[in-house]
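Commentary on secondary and tertiary structure
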Protein chains: 4
Amino acid sequence: MVTRLALLGAGRIGKVHAKAIASDARAKLVAVVDAFPEAAQAIANESGCEISTIDAVLANPDIDAVIICTPTNTHADLIERFARAGKAIFCEKPIDLDVARAAACIEVVKETGAKIMLGFNRRFDPHFRAVRKAIDDGQIGDVEMVTIVSRDPGAPPPEYIKVSGGIFRDMTIHDFDIARFLLGEEIVSVFATGSVLVDPRIGELGDYDSASIILTTASGRQASISNSRRATYGYDQRIEVHGSLGSVAAENQRPISIEVATKDGYTRPPLHDFFMTRYTEAYAAEIKAFIDSVENDVAPSPSAHDGLIALKLADAALKSAREKVLVQIV
Amino acid sequence: MVTRLALLGAGRIGKVHAKAIASDARAKLVAVVDAFPEAAQAIANESGCEISTIDAVLANPDIDAVIICTPTNTHADLIERFARAGKAIFCEKPIDLDVARAAACIEVVKETGAKIMLGFNRRFDPHFRAVRKAIDDGQIGDVEMVTIVSRDPGAPPPEYIKVSGGIFRDMTIHDFDIARFLLGEEIVSVFATGSVLVDPRIGELGDYDSASIILTTASGRQASISNSRRATYGYDQRIEVHGSLGSVAAENQRPISIEVATKDGYTRPPLHDFFMTRYTEAYAAEIKAFIDSVENDVAPSPSAHDGLIALKLADAALKSAREKVLVQIV
Amino acid sequence: MVTRLALLGAGRIGKVHAKAIASDARAKLVAVVDAFPEAAQAIANESGCEISTIDAVLANPDIDAVIICTPTNTHADLIERFARAGKAIFCEKPIDLDVARAAACIEVVKETGAKIMLGFNRRFDPHFRAVRKAIDDGQIGDVEMVTIVSRDPGAPPPEYIKVSGGIFRDMTIHDFDIARFLLGEEIVSVFATGSVLVDPRIGELGDYDSASIILTTASGRQASISNSRRATYGYDQRIEVHGSLGSVAAENQRPISIEVATKDGYTRPPLHDFFMTRYTEAYAAEIKAFIDSVENDVAPSPSAHDGLIALKLADAALKSAREKVLVQIV
Amino acid sequence: MVTRLALLGAGRIGKVHAKAIASDARAKLVAVVDAFPEAAQAIANESGCEISTIDAVLANPDIDAVIICTPTNTHADLIERFARAGKAIFCEKPIDLDVARAAACIEVVKETGAKIMLGFNRRFDPHFRAVRKAIDDGQIGDVEMVTIVSRDPGAPPPEYIKVSGGIFRDMTIHDFDIARFLLGEEIVSVFATGSVLVDPRIGELGDYDSASIILTTASGRQASISNSRRATYGYDQRIEVHGSLGSVAAENQRPISIEVATKDGYTRPPLHDFFMTRYTEAYAAEIKAFIDSVENDVAPSPSAHDGLIALKLADAALKSAREKVLVQIV
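The following refers to the structure shown.

Criteria and thresholds
Along each chain, residue indices are assigned from 1 in the same order as the chain's sequence is written. Written order decides the labels, with chains lettered from A and ligands numbered from 1. Only residues with pLDDT of at least 70 are given local features in this predicted model, and only at 80 or more are side-chain atom pairs given and counted; all residues enter the totals for whole chains, interfaces and linings. Think of the side-chain values as coming from all heavy atoms in the structure, minus any hydrogens and water. Note on conventions: DSSP H or I runs of at least 4 residues are helices, E runs of at least 2 residues are strands, and numbering of each starts at the N terminus. Radius of gyration here is computed from C-alpha atoms only, and the compact-globule reference equals 2.2 Å multiplied by the residue count raised to the power 0.38. Classification of residues uses two cut-offs on accessible area relative to the type maximum, computed with a 1.4 Å probe and protein chains only: under 20% is buried, over 50% is exposed, and between them is partly exposed. By the convention used here, residues are in contact when the closest approach between their heavy atoms is within 4.5 Å. Residue-level accessible areas treat just the shown protein chains as cover; the underlying method is Shrake-Rupley with a 1.4 Å probe. Only four residue types enter the tally: Lys and Arg on the positive side, Asp and Glu on the negative side, with His and both chain ends excluded. Note on charges: their place is set at NZ of Lys, CZ of Arg, CG of Asp or CD of Glu. Any Lys or Arg side-chain nitrogen located within 4 Å of an Asp or Glu carboxyl oxygen qualifies as a salt bridge. The copies were overlaid by least squares, fitting only the C-alpha atoms of residues that reach a pLDDT of 70 or more in each copy. Two strands qualify as a pair provided DSSP detects at least 2 bridges between them. Every axis corresponds to a line fitted to the C-alpha atoms, with the helix fit spanning only the stretch in contact, and the corresponding angles, defined between N-to-C directions, vary from 0 to 180 degrees.

So, the overall build of chain A
- Of the regular secondary structure elements, chain A holds 12 helices and 15 strands.
- Relative to the compact-globule value of 20 Å for 330 residues, chain A shows a C-alpha radius of gyration of 20 Å, a close match.
- Going through the 330 residues of chain A one by one, you find that 62% of them count as buried.
- Sequence-distant contacts in chain A: of pairs separated by 6 or more residues, those separated by 24 or more amount to 72%.
- Summing over all exposed atoms, chain A offers an accessible surface of approximately 12,300 Å²; the carbon and sulfur share of this is 53%.
- Between the averaged position of the 36 positive side-chain charges in chain A and that of its 45 negative side-chain charges there is a distance of 1 Å.

Focus: the pattern of salt bridges
- In this structure the tally under the stated criterion is 112 salt bridges over all chains.
- A salt bridge links Asp306 of chain A to Arg180 of chain A; the nearest nitrogen and oxygen atoms lie 3.0 Å apart. In this pair, Asp306 of chain A is assigned in helix α12 (residues 304-323) and Arg180 of chain A in helix α8 (residues 167-183), connecting sequence segments 126 residues apart. Each member of the pair, Asp306 of chain A together with Arg180 of chain A, is buried.
- One salt bridge in this structure joins Arg81 of chain C and Asp55 of chain C, with 2.8 Å as the shortest N-O distance. On the criterion of sequence distance, the pair formed by Arg81 of chain C in helix α4 (residues 75-84) and Asp55 of chain C in helix α3 (residues 54-59) is long-range, its members being 26 residues apart.
- On the basis of relative accessibility, which here comes to 38%, the residue Arg81 of chain C falls in the partly exposed class.

Some remarks on the relation of the copies chain A and chain B
- Rotating chain A by 180 degrees and translating it 0.0 Å along the rotation axis places it on chain B, where the RMSD comes to 0.0 Å. In symmetry terms, the pair is related by a two-fold rotation axis. Relative to the rotation axis, the closest C-alpha in chain A is found at Val325 of chain A, a distance of 3.0 Å.
- Residue by residue, 100% of the interface of chain A is reproduced at the interface of chain B, so both copies engage with the same surface.

Remarks on the relation of the copies chain D and chain C
- In screw terms, the move from chain D to chain C is a rotation of 180 degrees and a rise of 0.0 Å along the axis, fitting with an RMSD of 0.0 Å.
- Of the residues that chain D buries at the interface, 100% are likewise interface residues in chain C, meaning the two copies contact each other through the same surface.

Here's the deal with the pairing of strand β10 (residues 222-228) of chain C
Residues and elements named next belong to chain C.
- The buried fraction of β10 is high, at seven of seven residues.
- Going residue by residue along β10, you find Gln222, Ser224, Ser226 and Ser228 tucked away on one face and Ala223, Ile225 and Asn227 tucked away on the opposite face as well.
- Strand direction decides the pairing type here: strand β7 (residues 143-151) and β10, joined by seven bridges, are parallel. Residue Ser150 lies in a different strand from β10, and its bridge partner there is Asn227.
- When strand β9 (residues 210-217) meets β10, the two strands line up antiparallel, connected through seven bridges. Counterpart to Ser212 in the pairing with β10 is Ser226.

Structural notes on helix α4 (residues 75-84) of chain B
All names here are of chain B.
- Within α4, seven of the 10 residues are buried, which leaves the element mostly enclosed by the surrounding structure.
- Residues His75, Ala76, Leu78, Ile79, Glu80, Phe82 and Ala83 constitute the buried set of α4.
- Packing partners of the buried residues in α4 comprise β1 (3-8), α3 (54-59), β4 (65-68), β5 (88-91), α5 (99-112) and β6 (116-118).
- Two residues or fewer after α4 comes Gly86, characterised by a positive phi angle close to 80 degrees.

With respect to the sheet that holds β6 of chain B
All names here are of chain B.
- With parallel pairing, the six strands of this open sheet are ordered in space as β3-β2-β1-β4-β5-β6. Single-partner strands in this sheet number two, and they are β3 (50-51) and β6.
- As defined by bridge partners, β1 adjoins β4 across four bridges and the pair is classed as parallel. Each residue of the ladder has a partner; that of Leu8, found in β4, is Ile68.
- Across the face of the sheet, helix α11 (residues 280-295) comes into contact with β1, β2 (27-33), β4, β5 and β6 while running at roughly 165 degrees to β5.

As structure tokens, then:
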């Protein structure tokens, strides 16, 4: 069987997914939809698929699945429509910036029994997966403490900040998901603190650009997350898990791994400067995993439920940072 | 001038300080005091100093300074007596486990004008000093976030836990001091969470063995501390400071830095398994700094005030962890 | 313009090149030739090109260039035929295992003025290129000494050894080329020593499996190469260049860069276990460079001449190892 | 028993040895001899020993052992005199720059049955010892290839070069000894090449400042040594041993192990800039090993014979570099 897919949204990330589909012999991109004809055309040219519309894709019985890369505020509606149309769905995170809306959407998904996967790409990073595998293999014993450092190369412009949902829903949400992926237990409390140290315009919009978060689970496992919207040396993405028998850590990835030694010391080049080059393999692997789940008719992971929980944690972090209280997750 | 010193307390750390004094041509150990004659004798033999008593040292005008390494509950009294006797004082941390008692002691010190230095040895670790120097040199711009991972090789026995004052006053206190050393601003709030994941007996004594702490300063700088009483791979001591222009990090120290590569991968030996081998250079450097301050008649650092603040932060952390609230430092 | 290519040889490396062509919008694979119909068919299926023959490709005026990945003993003949037919040629190294035959072939190429590039893929490894760039940028001053460690994960079977031309022509030849790429001067002398330490069957075939080589240039620059047919920990490929102002080194590449710390120490996974995963980017970049040279009508590099020199160095090394003498290159 | 020692030569290295003796409770420095009264006095002051003469030390039955740190050209005579006087002898390498003189001296030592240890301090470096231990423990299987990179921070002045015996006898001799220490078999052939790339004055004196050497053993094990008299980034000292089951490497030692990350990349400080800080622990450990051998009446290692073999290898390397031939060791 070949899975026939439609791509909704032909922007930056849509192009990445189109390429991933092209490189998987079990899948075929048959349609692309975008409000901008040029964007759709570019992908149609490269992949040989047709340009289509949402309605046409919904009505097309030959399309098995859709990849949703449209703006965030369209996600929940599209998920509901395609779930009702019986298509398998891959959707970029988040389902919605509003927890209630996301929860309602998930209800629809459940009723329809639709297959849905959320685009938490980092779970598919080969290094992070290797960390998880080391845990699953028992190499570090019982997980006790997770430490995540996650810093962007530079702060996005105010226009982006405005629609981003804020640092916790936009940036930390990935770390919440990875923390859950590694802790092995659900998170029961969130404490967060936020500051504006990078760009005062971010503060003027009511957001933070620097944040520290502590998460705990019922048995007392702890996770620490350190976020900044700026890291001059590149896209800083480190995770470490400490357990009863040891620790496992994923180091930063380096596009060029040379070292120059001079009288001033030993110097290595900066890290990746962009999330799409840092997570190239992860993006390809997540689409492959989605195709796997369609081909083998199994539930994909991460699920819509995973997306909802991460969003709740983000809301809790925001409340914690604003009110300076520990927030329990119920 | 040669600084003439008396050593009060001839235990493990006393021996380390005696050796540091012996290697400094500007100083001479002239007396040692200990409740156990054998301990005092051992140091007397090695250094050629005489065995003495507290009273005799107090009364001896030829003694310029004392090194206090006696049990914690004697520190405040000894500090007060020697301050009044006009001796310069080096005292192992803490002044006292009780903030009020420590504060009262500091009042006495102030009245007498005595010179006093607290034994926060880590400030003298050459690698941590290099981190501080990189900050002072402007290499990372304005400090924004400090990340400290500090894990002991193994949990101490219950007997020790009982008199330790708890993880925050016994273990995290070093990290509080280093955070202050690096943040460049006073800490205004503390959030801490503690768990018992390593040894249930520690929990039975009302203490924690795993803790995560977030500190903030008035301008919004943040510090994260991650503590565990157990690290199978050795004494794990890492600090990282993130700033507007970059980051600076001190890696773990390794007693043996070889790497073996086999079909199972690349393996390096574990870290130091003991704080005294990890901080050998730091212990020697702090005594040298104390002698410097006596010789040059300048105020030593870290001061008794630094000790008091670290203790207050520890108390705040304990309150935060127990009551699950953010604690403001006043 | 779109460069139209034919692929001669649809084996392992042919597939890699077909993929590189497919990902370059300026190029199109229009024909594939292979003695095994299934191999050719597989590539035809994936790329949409036609299955053809050598003669048909030679006669086809619409084909601009050929990629030669056939067995080594066919290279020289094919190069001559396609040079005479006016096609641009990319050929896997070596031109021939016999220096005289390779030299004769190059004469034909020169007469025809054909464009030819030799497949020394390592020159296109991004890390090795960064080493070269650091040199070109003057970061290490004048080059003085090059050190290359190059070890295969495991020894090939005797059948391969028999037709390989021996370790110097098969394996070290890459290192000779990289040494030339980095030394900045021609090599004037070769000393080599070879041993059989890995597999006695290799010795029975008159070959070596472990070799050390010293190269010198006219001004006294030196290069050391260390080769082994076995490295249990993976494909070990390191280069370092020492100069008057410093050094620059390319570290090994790691498919997974995590580290597990336990009571037994810190362990990282092994290296790549296969040259095609280690040099994935290099293979793609060399085909891109070939297409560049065709598109822009410039001479490609590395040239057939580079291939001939590397082969002469291999012959010199063999003579040196067998006769235990320093061999001058004339 | 306490070993009573005399120090002959109170220069730079003599001071280091005096300190090592002072820190060993089993030993006591009782006399120091030096042509410069001030040098002897400085050590006498610090250690409380008496200033003496060669003849007085020879005649003193209370002195068990001597540490010879006088100029190289006095070593052989002093060894012979103290061997005849029945003293245990530690002597800085080399016995003599002339192989025949060194061999004659060793004959005298043998006749007298004197205990003698040569100061190849690197064998006592804890990291190099750990490499050797990994080999002895079978971690890398059979040793196949040893790779040594050994570079000085800067070239010595011409005055030193003149009396040094040349790069092979002065600098590479340490690497020859370490190669023997790790190869596990005697070396049977030497090929060396030398260049003048660092300082033309070194060439004018008939010496080299850059050298590459290949050593082989009877069974075909190989060692490569790369030497330079200049490394802008510090004292570069790396060894790696490759075996049938894997490899083991000792990395460079760093006085300060921090890393600063900025937009220009990740930078670590330079290495040690001086052999005495790099090998501090090794110097202390070799004296301790000498005292061990005296206390326990066992033969010390490395022996005078080890010194003689290293010298022969140096002579062979010089012949090889000058005559451009492989030199067999007989």
